[in-house]
Amino acid sequence: MTTTTLVKTETIHYDQDEVKKVLETLDESQLFEVNQLVFYPYYFFECQLERKSLLQPKGGGKAGCAVDGVNKVGSLVDQSPVFLEKELPASDMIPVTYDWEEAKKAAIDFVRHSITYRMKVLAPPKMTITRAELFYRPYWIAEGQSVPPDRYTLTVDAVSGKYHPL
Amino acid sequence: MNQDAIIFIIYLLILLTIGLYFSRKASKSADSYLLGDRNVGPAVTAFTMQSTSMSGFMFMGGPAMAFQQGWYAIWYAIGDAGGGIVNLSVLGKRMRRMSEILQALSPIEYLEKRYESPAVRIVGGIISIIFLFAYVFAQFIASGKALESLTGLPFSWALIIGVSVIIAYTVVGGYLAVVWTDFFQAIVMLLGVGGILIMGLIHVGGLSGLNAALADIDPTYLSIWGQGLEFYGQWGVVLGAVLIYSIGYMGLPHVVVRHMSIRSTKSVKSAILWTSIYNQLFAYSPYLVGFIGIIMLPTLGDPEMVIPTLAYTFFPGLFAAILLSAIMAAIMSTSDSILMQAGTILSRDVYHRFINKKAGHGQLVLVSRLCILLAGTIGVIVAINEPPSVFTLVVFAFGTLGNSFLVPYVCSVYWKNANKIGVLSAMIAGGASHILWTALDWQSATAIHPFLGGLIVSIAAMILGNFFGSPPSDEIQEAFYKARGTHKLPKNIDKNVARDLAPEASSIADFTGYNRHPVKG
Amino acid sequence: MFQLPVETFWLIVPWPFIWLAFGIVMYVVNKRDDKREEAYENNAKKVN
């Protein structure tokens, strides 16, 4: 019996077969086994930006920011993501390494930094957090099947299809 | 207030309107507001890059050098014409990957993380702040000169007004610096300088007529060794003059930071092509205008006024005023970027990191603003009492930054075992030798340009100092291999790896127990 | 040429062409990389 927890997660856009197919077209000499799914935690925040000058969009606009729940790395999120609630096996979920307060601080810091760098404004607008969620994004583990040293393993983001070697 | 001053104000208002119009149009959502110019085509991007580098140096310093030295000055133009391409090709992708892996946000933080030493950050931070400000002082002086010829006010008043405008503009928010205003600016300036060049060439009988007339005045203007063959046979001087702007860009924190924020290579490739074309057309023009100045303005007192003076000679007052306004606005935009960068380095990399770790965001903004204000005040005082020439000051500041940071940045992605002691020695020895070489005029004694001298010392210090440091940690060595792109992965797979997933991948590997080295497993 | 001394002409005039050639080479190299990327994206779409 594995214990499960009810958490927010995202819909899988790339299933096992698709991932396998794409990778095998890219590297024709290798067969892949794609069985394991791990869930990676992110804190998601939606910030409401206060409108400070004429240059900013009316009403101030919103910015989405996701902070990696393990390494505290921020990234801007283009659209408001849709989450679904699901029971996930606890053994496949990577635990977060810090709490909401820290995550919030990291997110605000990151959005501010992005504004300062991209827009060349010294004092970015004030922001308030309008939505905060913890969600788990599914990642596939794709194992190459050749013999070492040609063998390698990738992790594939099941939502965007992006991958990175492990 | 005279007519030209009014034109200048109207010009600034037009820029503001363009900036407002396009940013509002572009900012339907907060995302496009944040992500800015992602949707601008490569030609516009390249043009914009052009206009941000067209600063006081290009319109005042370059022509002045040409006016004094003749064709020797073209060595600087040659370096400048290739600098952007060299910079992108050498550091471009590797540095982007490395800063992603290290998760560094500022160019100085990047050095600290790569070389695993807070001392690198503090030394780097201090050097970059001082010399970025020196670089901005040159822009201040140029702004004083531009306003002097626009308004007819005495230099000291023009300088105070110019610097106040720049500081106010930076502290309020740099709203003119939107891609489309930069684009508009670039067109006005290129048409302006191109116009002066064409009118001038017609006047003196084309390039051949120009050279013939120069030879009549003094045949050594046509030599590559400087007027009066000042640097005859001194290849060390010529090489330094070419290198400073061709490879020196790789040592400028405010330029290198661009590699760290490149999002996609797709628009970059066309931008490289466009830049290399524009540069060949325009990097040389201000210098050629300087040559025309030798013939047409034999009595000119201040060589840096070649372009403003010729503008009023060839064009009706209105057009000349518009061109000068554009130059002034370009100076504002360049100063703004540099001041911002220096202010951010001071508040984030020095104040927040070492002086007050608990400083809130508001306090950091205040620190950068005070620092910019202080720089403005010092700049005005120095410039009024003893204004150095724009050319000298830019070459000095640019050279010191280049000599301090070029070796550290290049080694960070090309030399696996480069360590903190090596880098600290390279930064300090490189910067210090450039300062001494310039201040004590070692160029005349050694026949070697200060930039080349500093570069050699910096490389030597890097190699020597490296013996005394411990090699980088395993994580950094691994990051180095990754940034180089030498995985044991098939090429097709490797090309498409999403580098931004690096932190996730490393945590997933820890979690699942997959070893990161396929060979060992 | 252009009334320039031979030395000046040959040391100066080739540079714009050298830089231009360098820019074109870099463009081609980057374009090749981008093509690989596109090929991957198209593949991913087809599979969908």
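In what follows, the accompanying structure is described. The structure displayed is predicted, hence computed values, not measured ones.

Of the regular secondary structure elements, chain C holds 2 helices and 0 strands. For chain C, with 48 residues in total, the buried portion stands at 19%.

Listed as interface residues are 28 residues of chain B and, on the opposing side, 24 residues of chain C. Sorting the residues of the side of chain B that touches chain C by element identifies α5 (74–90), α11 (206–217), α14 (265–282) and α24 (491–495) of chain B as the ones contributing at least two each. Looking at the side of chain B that touches chain C element by element, the count peaks at 10 residues for α14 of chain B. Of the residues contributing to the side of chain B that touches chain C, the split by class is 14 nonpolar, 11 polar and 3 charged.

This next bit is on helix α22 (residues 450–466) of chain B. Residue and element names in this part refer to chain B. Taking 1.5 Å of rise per residue, the 17 residues of α22 would be expected to cover 24 Å, and the 24 Å separating its terminal C-alpha atoms lies within 8% of that figure. Most of α22 sits out of view: 12 of its 17 residues are buried. Within α22, burial applies to P450, F451, L452, G453, G454, L455, V457, S458, A461, M462, G465 and N466. The secondary structure elements touched by the buried residues of α22 are α12 (235–246), α19 (390–414), α20 (420–439) and α21 (442–446).

A separate point is the pairing of strand β4 (residues 74–77) of chain A. Residues and elements named next belong to chain A. Bridging between strand β3 (residues 62–68) and β4 involves 4 bridges; their strand directions are antiparallel. Residue G64 lies in a different strand from β4, and its bridge partner there is V77. In textbook terms, the turn of a hairpin is the stretch between consecutive antiparallel strands, and for β3 and β4 this stretch comprises 5 residues, one of which, K72, has a positive phi near 60°.

Let us look at helix α4 (residues 56–69) of chain B. All names here are of chain B. The terminal C-alpha atoms of α4 lie 19 Å apart, and with 14 residues this matches the ideal 20 Å at 1.5 Å per residue to within 8%. Burial analysis of α4 places 13 of its 14 residues in the buried class, which makes it a mostly covered element. Backbone geometry just after α4 places G70 at a positive phi near 70°.

Residue and element names in this part refer to chain B. By the element assignment, A479 lies in helix α23 (residues 474–484). Sequence separation between A479 and L102 is 377 residues, and the spatial gap between their C-alpha atoms is 7.7 Å. When sequence neighbours within four positions are dropped, the list of residues in contact with A479 reads M98, I101 and L102.

Rules of the game
- Numbering of residues starts from 1 in each chain and follows the order in which that chain's sequence is written.
- Whichever chain is written first becomes A and whichever ligand is written first becomes 1, with later ones labelled in order.
- Local features in a predicted model are, by the rule used here, given only for residues with pLDDT of at least 70; side-chain atom pairs are given and counted only at 80 or more, and totals for whole chains, interfaces and linings are based on all residues.
- Put simply, DSSP H or I for four residues or longer makes a helix, DSSP E for two residues or longer makes a strand, and each gets a number counted from the N terminus.
- Residues with at least 20 neighbouring C-beta atoms inside 10 Å of their own are called buried, those with 12 or fewer are called exposed, and the rest are partly exposed, where every C-beta is derived from the backbone.
- Any two residues are considered in contact once their C-beta atoms, placed from the backbone, lie within 7 Å.
- Here the nonpolar group is Ala, Val, Leu, Ile, Met, Phe, Trp, Tyr, Cys and Pro; Asp, Glu, Lys and Arg are the charged ones; every other residue, Gly included, is treated as polar.
- By this rule, a helix spans an expected 1.5 Å times one less than how many residues it contains.
- By definition, two strands form a pair when at least two bridges between them are found by DSSP.

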